[in-house]
Amino acid sequence: MTSLPEGWQNTRQNMIMLQHCILKRVLQQFYSGNQETTKSLLSGFPAALQHGHRAAGHRSKSTGLPGESERTLIAIKPDGVQRRLVGQIIQRFEQRGFKLVGMKMMKVSEDLLSQHYCELRTKPFYPSLLHYMTSGPVVVMVWEGHKVVQTSRKMVGHTNPAEAQAGTVRGDFSIHVSRNVVHASDSLEGAQREIQLWFQGKELLNWDCCDQTSTCEV
Ligand code: UDP
Ligand code: MG
């Protein structure tokens, strides 16, 4: 191996030690669940590194390649919970072959909703959307798998249930756009933003599904 001049070697060693310290601190903060500090520590790191643990484009454990396995946010809205559709909706995602990595039931604050629906703030239906979404509990989940963002949008169906195909969640369980039962992220970037908004890192589980090799080539 080519040896470096003494001054260069010291610089290289210092860089390695600095990287080691930052990584150690990031991991400590992440596992202690301190998202804010983790985010600020990671702000100088390349995006691809930051997205490794819980972004929408999840890094596959087997290959190390990003984008093979994605994550998306699915929420069963208050009408879906009131109508006891939670089990049937979860069953569809399990049956399709996706993996549940996070789930909670909650009453949503207006603050969280206004961030979630920030692009719709100027729409005429926005006030009634907020009212509907805060009218009762929601069940919010993160599902993981191959092309889960695109596939789950297809499974959920058209925003307006009157236009939704039979066989989709909205097409089978709803009739009006103001009560369309379920939310699904519409893009990888959207999914990443929404997952970070609704879940803390420690609320999501990395686990191996025993049928993984039967549902997808890994
Ligand atoms: N919505 C509504 N009236 C409309 C359009 C949308 O009440 O005319 C509500 C509906 O609950 C919808 C949500 O606003 O699911 C978000 O709208 P978006 O266009 O993002 O549709 P989605 O991504 O949910 O299919
Ligand atoms: Mg949307």
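Before any of the text, the structure's been laid out above.
It should be emphasised that the depicted structure is a prediction, and the values quoted were computed from it without experimental measurement. (Residues numbered from 1 in each chain as written. Chains lettered and ligands numbered in written order. Predicted model: local features only at pLDDT ≥ 70, side-chain atom pairs only at ≥ 80, totals over all residues. Heavy atoms only, no water.)

J.: Residue-level account of the overall build of the protein, with values.
T.: Scanning the protein from N- to C-terminus turns up 11 helices and five strands. The buried share of the protein, reckoned over its 218 residues, is 38%. As displayed, the protein offers around 13100 Å² of accessible surface, 54% of which is attributable to carbon and sulfur atoms. (Helix = DSSP H or I, 4+ residues; strand = E, 2+ residues; numbered from the N terminus. Buried < 20%, exposed > 50% of the residue type's maximum accessible area, 1.4 Å probe, protein only. Areas by Shrake-Rupley, 256 points an atom, 1.4 Å probe, with all protein chains shown as cover.)

J.: Summarise the side chain of S152; cite the residues concerned and give the values.
T.: Relative to the assigned elements, S152 resides in helix α8 (residues 148-156). Reaching out from S152, the side chain makes a polar contact with the backbone oxygen of V148 at a distance of 2.6 Å. Beyond its immediate chain neighbours, meaning those up to four positions away, S152 contacts T72, I74, F93 and A184. (Polar contact = N/O pair within 3.5 Å; in protein donor to acceptor, adjacent residues only side chain to side chain. Contact = heavy atoms within 4.5 Å.)

J.: Can you tell me about the nonpolar core, naming the residues and giving the values?
T.: Counting 21 residues, the largest nonpolar core has I74, I89, F93, M141, W143, V181 and V182 as its most contacted members. For this core, the elements supplying multiple residues, two or more each, are β2 (69-76), α5 (86-96), β4 (138-145), α8, α9 (169-173) and β5 (182-184). With four residues, α8 is the largest single contributor of residues to this core. In this structure F93 touches I74, F98, W143, S152, M155 and V156, once residues within four positions along its chain are discounted. (Core = buried A, V, L, I, M, F, W, Y, C linked by side-chain atoms within 4.5 Å.)

J.: Break down the environment of W198 for me, citing the residues and quoting the values.
T.: Position of W198 relative to the elements: it lies in helix α10 (residues 188-198). Its relative accessible area of 4% is what places W198 among the buried residues. A C-alpha to C-alpha distance of 8.0 Å links W198 and V140, two positions 58 residues apart in sequence. Ignoring any residue separated from it by four or fewer positions in sequence, one finds W198 in contact with L73, K104, M106, V108, L112, H116, V138, V140 and E203. A polar contact of 3.1 Å, which involves the side chain of W198, links it to the side chain of H116.

J.: Which residues make up the environment of F98, and what values go with them?
T.: When you line up the elements, F98 lands in the loop between α5 and β3 (99-106). A sequence separation of 54 residues divides F98 from S152, and the C-alpha atoms of the two residues are 9.5 Å apart. Setting aside residues no more than four positions away along its own chain, F98 makes contact with F93, W143, E144, G145, H146, V148, T151 and M155.

J.: I'd love a proper account of the site of ligand 1, names of residues and values included.
T.: In the neighbourhood of ligand 1, the contacting residues comprise K77, Y117, L120, F125, L129, R153, T159, R170, V177, S178 and N180. Residue K77 places a side-chain N or O atom 2.8 Å away from an oxygen atom belonging to ligand 1. Within the side chain of N180, a nitrogen or oxygen atom sits 2.8 Å from an oxygen atom of ligand 1. In isolation ligand 1 offers 510 Å² of accessible surface; the protein chains occlude 77% of this area. Under a 2 Å grid-point criterion requiring more than half of the atoms, the pocket assigned to ligand 1 is the second largest pocket. Counted by class, the shell around ligand 1 contains five nonpolar, three polar and three charged residues. (Near = heavy atom within 4 Å. 1 Å grid on protein atoms, 1.4 Å probe; cavity = no way out; pocket = protein on both sides within 12 Å on 5 of 7 lines; lining within 4 Å. Sits in = over half its atoms within 2 Å of the grid points. Nonpolar A, V, L, I, M, F, W, Y, C, P; charged D, E, K, R; others polar.)

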